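The primary structure of each chain is shown beneath.
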Amino acid sequence: MGNLIQIELYKVFKRTRSYIGFIAIIIITLVAQVAMLWEGKEMHSFLTKNLTDAFYMQGNLLNGYLMTYIVLNFLWVHVPLLIVIVTGDLFSGESHGGTFRLILSRPVSRFQLVTAKFLAALTYTFILIVIFVIVSLGFGILLFGKGDLMVIFNTINIIPENDIMWRFLLAFSYGFLGMVTVAALSLLLSSLTNNSLGPILSTMAIIILFTLITSFDFSIFKIIKPFIFTNYLDSWQLLFTLEVNVAHLIKDAVILLFHILVFYTTTLVYFNKKDILT
Amino acid sequence: MLYMDKQVIIAVNNLSKRLKKIQAVNDLSFTVEKGDIYGFLGPNGSGKSTTIRMMLSLLKPGSGSITIFGLPLRDHKLKILKQVGAFIEKPDFYEYLSAYKNLEILLKYSGLKAEKNRIIETLDLVGLSKRSASKVKTFSKGMKQRLGIAQALLHDPQLLVLDEPVNGLDPSGMKDIRELICYLNKEKGKTIILSSHNLHEIESIANRMLIINNGEKIVEGKVSKLLRKHSYCTRFRVNDVKKAKKDLQNGDIILTKIEIDDNDLRVFCQHEEIPEINSFLVGKGILVESIKTENSLEDYFLTLT
């Protein structure tokens, strides 16, 4: 099994497209932070104008932690695309290239192959998230320094500087879980088709559609929202409230885990029966 | 599994497979014996590749059974595939990797250590050792074909399943691969299934063969026996084709068919009748410049399918 994972990872990291995600996430995060450095103070004053009329604010509120929080908010929308560029091709690329014939006419179990590909996708996602952590948090602190984190989520939450880091680490871990769900969905779609572009586009289309459903408060959508995984992708924000609702966070994490399990099992069952015709 | 005194390597029984609306293979049964070079013939879409893919577990049989090395394929897939090397239809590889790296990966998929010597020796066997470091995307079709054969041989399997292995090769390459197949069979004792459209290839190197059409078995047996039943087409180059044809038609030798083709007379006859026809023509004052047997199996194949 270890051998198969090693081969899958070798194939992933030998392809140029695998590095697009890494480069993109570094560039996007740095560009966002440099832009904040340039005009962040004016933006922050504008956003907190109403608050400064009532409160006296002291210290460095435009700090690395706030930058990381802002970057986290808008990047979780783009990170799935960077992940599915690689994971969406793991099965369909082999089908399209005819290489499944080479692999599966050898003593390789389909169960092990699906699992190896799933674990390779998981590893790639983990590396991407680690780079995201290093660049957003590392460069954020380097450029803006440290300070208390002020987050407006339901209410004004001012989290002391010495109480922040564990929240970010858990937020990134939860974000990783969300991105693994996206990767698992793209793997499932990848196993269904023989062309590389289809699973990438269809995963993104599903995420966009689900996000739209999650965003609108129509009564018809309210019924289906609990069954849509995108509804749980941004639950990491719960970590940036003064009293973290742990039970809610765990429940959402379990729902994401359940989705991962369903996507993985469906891939396994389908691929095990699949006729290799390419 | 032993039938008579021969060891049966592959036994296919009542195999059927439907692909969408097409009955690709229908109640097909055949056996391949140890040491065979087994020719697998049939026109395009006859079900050859579907059968081969089922033998390699790439397709699930609709019904019927496949037994390889005496073990049912359905229950012992991984054990069986350890001893099978396959080249299926066209050589597809990881184009962004070198020939060496492709073979290294495939050796690991076979559960074996990626020994450098083994990879280089196999590449050397197909004449690609000098290009081992080149990426496959830089290879010509013929080179990919050779690499396809190399990957089938890589793990030293007992059984080789080769589907159109000389496609895209130049004449010298074809000769090399045919010689290699004969060498692997005679010297290394490998059992080989050879699916090919090149009927001369089957005729020249296979000892047993199966002809299928529309997914059904047409005939199976020893190549020599099957051909003995069939009239050879023999081309006589003579100085007067019209007279030769007339004389032969009026003569005592019973012939299936006589045709004129430019300066040649195409005569369909049994192999042992050729000297008799030659003497007859010479006796009638016709100058016979050359005698050439052609397309024997091809005609036989066309007659059957």
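Residues numbered from 1 in each chain as written. Chains lettered and ligands numbered in written order. Predicted model: local features only at pLDDT ≥ 70, side-chain atom pairs only at ≥ 80, totals over all residues.

**Thoughts on the overall build of chain A**
Within chain A, the secondary structure is distributed over eleven helices and two strands. Listing every helix and strand of chain A by position from the N terminus yields α-α-α-α-α-α-α-β-β-α-α-α-α. In terms of overall dimensions, chain A is globule-like: its C-alpha atoms have a radius of gyration of 21 Å, near the 19 Å expected for 278 residues. Every one of the 278 residues in chain A was classed for burial, and the buried ones make up 38%. (Helix = DSSP H or I, 4+ residues; strand = E, 2+ residues; numbered from the N terminus. Rg over C-alpha atoms; globule rule 2.2 N^0.38 Å. Buried ≥ 20, exposed ≤ 12 C-beta atoms within 10 Å, placed from the backbone.)

**Description of the overall build of chain B**
Along its length, chain B carries eleven helices and 15 strands. Buried residues in chain B amount to 39% of all 305 residues. Pairs at least 24 apart in sequence give 68% of the contacts found in chain B among residues at least 6 apart. (Contact = placed C-beta atoms within 7 Å.)

**Points about the sheet that holds strand 11 (residues 216-222) of chain B**
Residues and elements named next belong to chain B. Taken together, six strands build an open sheet; the order of strands is 7-8-9-4-10-11 and the sheet is mixed. The sheet is open, and its two edges are formed by strand 7 (84-87) and strand 11, each paired on a single side. Across the sheet, the mean angle from the axis of one strand to that of its neighbour is 15°, orientation sign disregarded. Helix-sheet contacts for helix 5 (residues 141-153) involve strand 7 and strand 8 (159-163), and the interaxial angle to strand 7 is about 165°. (Pairing = 2+ DSSP bridges. Axes fitted to C-alpha atoms, helices over the stretch in contact; angles between N-to-C directions.)

**Section: the interface of chain A and chain B**
Counting from both sides, the interface comprises 20 residues of chain A and, opposite them, 24 residues of chain B. Looking at which element gives the most residues to the side of chain A that touches chain B, the answer is helix 6 (residues 99-104) of chain A, with five residues. Its residues placed into classes, the side of chain A that touches chain B shows seven nonpolar, six polar and seven charged. (Nonpolar A, V, L, I, M, F, W, Y, C, P; charged D, E, K, R; others polar.)

**Quick notes on the environment of Val86 of chain A**
In this fold, Val86 of chain A is placed in helix 4 (residues 64-87). Taking the C-alpha atoms as reference points, Val86 of chain A and Ile141 of chain A, 55 residues apart in sequence, are found 30 Å from one another.

**Remarks on the packing of helix 3 (residues 99-109) of chain B against helix 4 (residues 116-125) of chain B**
All names here are of chain B. Contact pair helix 3 / helix 4: the axes reach a minimum separation of 10 Å and the direction vectors enclose 120°. Regarding the angle of helix 3 to helix 4, the classification is oblique. As helix 3 runs across helix 4, the sense of the crossing is right-handed. Here Ala99, Tyr100, Leu103, Glu104 and Leu107 of helix 3 lie close against helix 4, whose contacting residues are Ile119, Thr122 and Leu123. (Parallel < 35°, antiparallel > 145°, perpendicular 65-115°, else oblique. Left-handed = near helix turned anticlockwise from the far one by under 90°.)

**A look at the pairing of strand 2 (residues 155-159) of chain A**
Looking at chain direction, strand 1 (residues 149-153) of chain A and strand 2 of chain A are connected through five bridges and run antiparallel. Paired with Val151 of chain A across the bridge in strand 2 of chain A is Asn157 of chain A.

**Section: the confidence of the model for chain B**
When pLDDT is averaged across chain B, the result is 85; 91% of the residues are at 70 or more. Put simply, strand 1 (residues 2-3) of chain B is where chain B has its lowest mean pLDDT, 46, and strand 6 (residues 71-72) of chain B is where it has its highest, 94. (pLDDT = per-residue confidence, 0-100.)

**Let's talk about the domain arrangement of chain B**
For chain B, the domain assignment lists domain 1 (2-227) and domain 2 (231-304). For domain 1 of chain B versus domain 2 of chain B, the separation of C-alpha centres amounts to 38 Å. (Domains from an automatic or database assignment.)

**Examining the packing of helix 7 (residues 110-144) of chain A against helix 8 (residues 165-192) of chain A**
Residues and elements named next belong to chain A. Interhelical geometry of helix 7 versus helix 8 gives an angle of 145° and a closest axis separation of 9 Å. Note on packing geometry: the crossing formed by helix 7 with helix 8 is right-handed. Listed contacts from helix 8 to Lys117, Phe118, Ala121, Leu122, Thr125, Phe126, Ile129, Val133 and Leu137 of helix 7 are Phe168, Phe172, Gly175, Phe176, Met179, Val180, Ala183 and Leu187. Residues that form the contact of helix 7 with helix 8 fall into these classes: 14 nonpolar, two polar and one charged.

**Observations concerning the environment of Gly64 of chain A**
All names here are of chain A. Structurally, Gly64 can be placed in helix 4. Through-space distance from the C-alpha of Gly64 to that of Leu142 is 7.3 Å; in sequence the pair is 78 residues apart. When residues no more than four places from it in sequence are discounted, the contact partners of Gly64 are Leu137, Gly140, Ile141, Leu143, Phe144, Gly145 and Lys146.

**Description of the nonpolar core**
Core analysis: the largest hydrophobic core is formed by 135 residues, its most contacted members being Ile83 and Leu187 of chain A together with Tyr38, Ala150, Val161, Ile192 and Leu194 of chain B. Not counting chain neighbours up to four residues away, the residues in contact with Ile192 of chain B comprise Ile37, Tyr38, Leu160, Leu162, Ile181, Leu184 and Asn185 of chain B. Judged by nonpolar contacts, the second largest core, of ten residues, contains Phe236, Val241, Leu248 and Ile277 of chain B. (Core = buried A, V, L, I, M, F, W, Y, C linked by C-beta atoms within 7 Å.)

**Re helix 9 (residues 241-250) of chain B**
All names here are of chain B. Looking only at helix 9, the buried set comprises Val241, Ala244 and Leu248. Taken end-on, helix 9 shows its buried residues confined to a sector of 60°, consistent with a single buried face. In helix 9, the exposed positions angled more than 90 degrees off the buried face are occupied by Lys242, Gln249 and Asn250. (Arc of directions from axis to C-beta.)

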